[in-house]
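Listed here are the chains, written in short residue letters.
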Amino acid sequence: MVDISTRLLKKRLKNPTILTSGILGISSSTLLRVANSGAGAVTTKSIGPRRREGHKNPVVVETPCGLLNAIGLSCPPLGESIEELKDLVKKSRVPVIASIYGRNVEEFVEVAEKISRVKPDFLELNVSCPNIEGKPFGVNAEISARITEMVKDSTDISVIVKLTPNVSDIAEIAKAVEGAGADAISAINSCSGMAINIETSRPILANKFGGLSGPAIKPIAVRCVYEIYEDVDIPIIGIGGIQSGRDAIEMMMAGASAVGIGTAVMNHGIEIFTRICSEIEKFM
Ligand code: SIN
């Protein structure tokens, strides 16, 4: 049998597939099911400093080539998220990535400090959600670097920064966060998009705009990972439209050390992790 294990910084992953943030919430029992179903690591939905409702329905639209979502970073109160994370970290046999967000640098630091006490394997800074008011921090190299630097100063857990493709030069942002101490990068978050119901002549999503994920964005993700890989020395988790072992290999050829699987879980269920791994083994 082919050994497809990999390393992400100091952690060994039994295979390079990682459940991406946001797909299956923060419930420990759900994430443990994924961890036990063959994923190499799991990422929580982004955890914020306080309860957040998110956007009104509809928050998801299926398109012929991917999913458009505008959940709006909904999350329970921080104490509740921490309890779920604590249980997950205790029981998971694969590394746990805690995704976090804040509305400003101070909130990022507050969440990072509190979350770090339950010792997830990695923190992922979500500076790239397209479904917030205004532009995400991740479109600005200086602000992304400042958040990274402040969080790094507040924790001894390895920090991954998740980047947005909705910029003109993603490598510039990657270099800035690497310079600020980021240990790894995940790329990409979803691509900003819109769908209109032509019967009502209204946008379908209550938030008007949403983030497109799934097969449509894979070539964008591969290009972004390639550009980042050329400019930084830290590991990259490649995310965007991966549905098969061949897609995963393509992403790793672009420069990713591991790959995030998100929309494919919604389309194919949690069995997707073992299927992608056996396709990688076959290719190898
Ligand atoms: C959302 O909650 O709207 C999506 C999260 C993300 O894309 O980062």
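Since this is a predicted model, take the numbers as computed values, not measurements.

Visitor: So what's going on with the sheet that holds strand E6 (residues 66-69)? Residues and values would help.
Guide: Across a sheet, strands are paired by hydrogen bonds formed along the backbone, either parallel or antiparallel in direction. If you walk across this open sheet you meet the four strands as E5-E6-E14-E11, and the pairing is antiparallel. Bordering the open sheet on either side are strand E5 (60-63) and strand E11 (191-194), each of which pairs with just one other strand. Recorded for the sheet is a direction-independent mean angle of 35° between the axes of neighbouring strands. The pairing of E11 with strand E14 (residues 209-213) spans four bridges and is classified as antiparallel. Within the sheet, the bridge partner assigned to Met 194 lies in E14 and is Phe 209.

Visitor: Quick rundown of the sheet that holds strand E16 (residues 258-261)? Include the residues and the values.
Guide: Here we have eight strands rolled up into a closed barrel, ordered E3-E4-E7-E8-E9-E10-E15-E16, and parallel in their pairing. Ignoring strand direction, the axes of neighbouring strands in this sheet form an average angle of 25°.

Visitor: Any chance you could break down the site of the ligand for me, citing the residues and the numbers?
Guide: Around the ligand sit Lys 45, Asn 69, Ala 70, Ile 71, Gly 72, Leu 73, Asn 126, Cys 129, Pro 130, Asn 131 and Asn 189, and that is every residue in its neighbourhood. At 2.7 Å, a backbone N or O of Gly 72 approaches an oxygen atom of the ligand. Between an oxygen atom of the ligand and a main-chain N or O atom of Leu 73, the distance comes to 2.7 Å. Grouping the amino acids of the shell around the ligand by side-chain chemistry returns five nonpolar, five polar and one charged.

Visitor: Which residues make up the packing of helix H3 (residues 105-116) against helix H4 (residues 141-154), and what are the values?
Guide: Across the interface, H3 lies against H4 with an axial gap of 9 Å and an inter-helix angle of 30°. Put simply, H3 runs roughly parallel to H4. Crossing of H3 over H4 shows right-handed handedness. Contacts between H3 and H4 pair Val 105, Phe 108, Val 109, Ala 112 and Glu 113 from the former with Arg 146, Ile 147, Met 150, Val 151 and Ser 154 from the latter. Considering only residue class, the contact of H3 with H4 consists of seven nonpolar, one polar and two charged.

Visitor: Please set out the pattern of salt bridges residue by residue, giving values where relevant.
Guide: The full count for this structure, using the stated rule, is 13 salt bridges. One salt bridge connects Asp 231 with Lys 175, and the closest N-O pair in it is separated by 3.5 Å. Residue Asp 231 is located in helix H6 (residues 218-231), and its partner Lys 175 is located in helix H5 (residues 170-179); the two are separated by 56 residues in the primary sequence. Asp 231 gets classed as partly exposed once you look at its relative accessible area, which sits at 35%. According to the relative accessible area criterion, Lys 175 is partly exposed, its value standing at 42%. Linked by salt bridges that have partners in common, Arg 50, Arg 103, Glu 107, Glu 110 and Lys 114 make up one network.

Cut-off values and rules
- Residues numbered from 1 in each chain as written.
- Predicted model: local features only at pLDDT ≥ 70, side-chain atom pairs only at ≥ 80, totals over all residues.
- Heavy atoms only, no water.
- Pairing = 2+ DSSP bridges.
- Helix = DSSP H or I, 4+ residues; strand = E, 2+ residues; numbered from the N terminus.
- Axes fitted to C-alpha atoms, helices over the stretch in contact; angles between N-to-C directions.
- Near = heavy atom within 4 Å.
- Polar contact = N/O pair within 3.5 Å; in protein donor to acceptor, adjacent residues only side chain to side chain.
- Nonpolar A, V, L, I, M, F, W, Y, C, P; charged D, E, K, R; others polar.
- Parallel < 35°, antiparallel > 145°, perpendicular 65-115°, else oblique.
- Left-handed = near helix turned anticlockwise from the far one by under 90°.
- Contact = heavy atoms within 4.5 Å.
- Salt bridge = Lys/Arg side-chain N within 4 Å of Asp/Glu carboxyl O.
- Buried < 20%, exposed > 50% of the residue type's maximum accessible area, 1.4 Å probe, protein only.

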